[in-house]
Amino acid sequence: QVQLVESGGGVAQAGGSLRLSCAGSGRTFTYDDMGWFRQAPGKEREFVAAVNWIGTTVYADSVKGRFTISRNNAKNTVSLQMNSLKPEDTAVYYCAIKRGRSSPVPISPDEYDYWGQGTQVTVSS
């Protein structure tokens, strides 16, 4: 059974940084695509960043230049470094895995097969 567990969420001040990590088990993700999504209260889940199996990355315009996604195949993990945080970044953040090899990098939540339980990120002004 595939499980994804996020960690690293919390409270930060505007302009601060947080680093989210997602550890996977039950499957080797070397040839899978990995992404981060977020959902704020009353809003739909939205794409944040993704990295495909060959390391190509894609970012939402709202986080480009501030967030960095990275993967560690040896540890079966994907991370999201979030800098210059803004109050509008407040949301529950989810990591997700899409089986197989994709090109272009998948950005729709409907394309992903496995999801973590989410971790809360709150940015205060």
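This text goes with the structure placed above it.
What you see is a predicted model, and the numbers here were worked out from it, not measured in a lab. (Residues numbered from 1 in each chain as written. Predicted model: local features only at pLDDT ≥ 70, side-chain atom pairs only at ≥ 80, totals over all residues. Heavy atoms only, no water.)

Draft legend 1. Focus on the pattern of salt bridges. In this structure the tally under the stated criterion is 6 salt bridges. Note that Arg 38 and Glu 46 form a salt bridge whose closest N and O atoms lie 2.6 Å from each other. With a closest N to O distance of 3.1 Å, Lys 64 and Asp 61 form a salt bridge. (Salt bridge = Lys/Arg side-chain N within 4 Å of Asp/Glu carboxyl O.)

Draft legend 2. Up close: the sheet that holds strand E3 (residues 18-25). The 4 strands are arranged E1-E3-E8-E7 in an open sheet whose pairing can be described as antiparallel. Each of the sheet's edge strands pairs with one partner strand only, and the pair in question is strand E1 (3-7) and strand E7 (67-72). The mean angle between the axes of side-by-side strands here comes to 15°, regardless of whether they run parallel or antiparallel. Pairing of E1 with E3 involves 5 bridges; the strand directions are antiparallel. Bridging from a neighbouring strand, Leu 4 pairs with Gly 24 of E3. (Pairing = 2+ DSSP bridges. Helix = DSSP H or I, 4+ residues; strand = E, 2+ residues; numbered from the N terminus. Axes fitted to C-alpha atoms, helices over the stretch in contact; angles between N-to-C directions.)

Draft legend 3. Here's a closer look at the state of the cysteines. Tallying each qualifying case throughout the model produces 1 disulfide. Linked covalently through their sulfurs, Cys 22 and Cys 95 form a disulfide whose S-S length is 2.0 Å. The disulfide joining Cys 22 to Cys 95 has a torsion of about 45° about its S-S bond and is therefore right-handed. Remark: Cys 95 occurs in strand E9 (residues 91-98) and Cys 22 occurs in strand E3; sequence separation between them is 73 residues. (Disulfide = S-S within 2.5 Å.)

Draft legend 4. Quick peek at the packing of aromatic side chains. A full pass over the atoms with the stated rule returns 6 aromatic pairs. With centroids separated by 6.5 Å and ring planes inclined at 75°, the aromatic side chains of Tyr 94 and Trp 115 adopt a geometry described as edge-to-face. Highlighted residues: Tyr 94 in strand E9 and Trp 115 in strand E10 (residues 114-115), separated in sequence by 21 residues. Take Tyr 94: its relative accessible area is 13%, and that puts it in the buried class. In this structure an aromatic cluster arises from ring pairing among Phe 37, Phe 47, Tyr 94, Tyr 112 and Trp 115. One cation-aromatic arrangement involves Arg 45 over Trp 115; the distance from NZ or CZ to the ring centre is 4.7 Å. Sitting over the face of the ring of Tyr 31, Arg 101 holds its NZ or CZ atom 4.3 Å from the ring centroid. (Phe/Tyr/Trp six-rings, centres within 6.5 Å; stacked < 30°, edge-to-face > 60°. Buried < 20%, exposed > 50% of the residue type's maximum accessible area, 1.4 Å probe, protein only. Lys NZ or Arg CZ within 6 Å of the ring centre and 35° of its normal.)

Draft legend 5. Region of the structure containing the side chain of Glu 6. With respect to the helices and strands, the residue Glu 6 is situated in strand E1. Among buried charged residues, Glu 6 stands out as having no salt bridge; its nearest opposite-charge side chain is Arg 45, 7.7 Å away. A distance of 3.0 Å separates the side chain of Glu 6 from the backbone nitrogen of Gln 117, its partner in a polar contact. Among the polar contacts made by the side chain of Glu 6, one reaches the main-chain amide nitrogen of Gly 118 at a distance of 2.8 Å. Discounting chain neighbours no more than four positions away, the residues touching Glu 6 are Ser 21, Cys 22, Trp 36, Tyr 93, Tyr 94, Cys 95, Gly 116, Gln 117, Gly 118 and Thr 119. (Lys, Arg positive; Asp, Glu negative; His and termini not counted. Polar contact = N/O pair within 3.5 Å; in protein donor to acceptor, adjacent residues only side chain to side chain. Contact = heavy atoms within 4.5 Å.)

Draft legend 6. Seen up close, the nonpolar core. Among the nonpolar cores identified, the biggest contains 34 residues, and Trp 36, Leu 80, Met 82 and Tyr 93 are the most heavily contacted of them. Of all the secondary structure elements, the ones that give two or more residues to this core are E3, strand E4 (33-39), strand E5 (46-51), E7, strand E8 (77-82), E9 and strand E11 (119-124). (Core = buried A, V, L, I, M, F, W, Y, C linked by side-chain atoms within 4.5 Å.)

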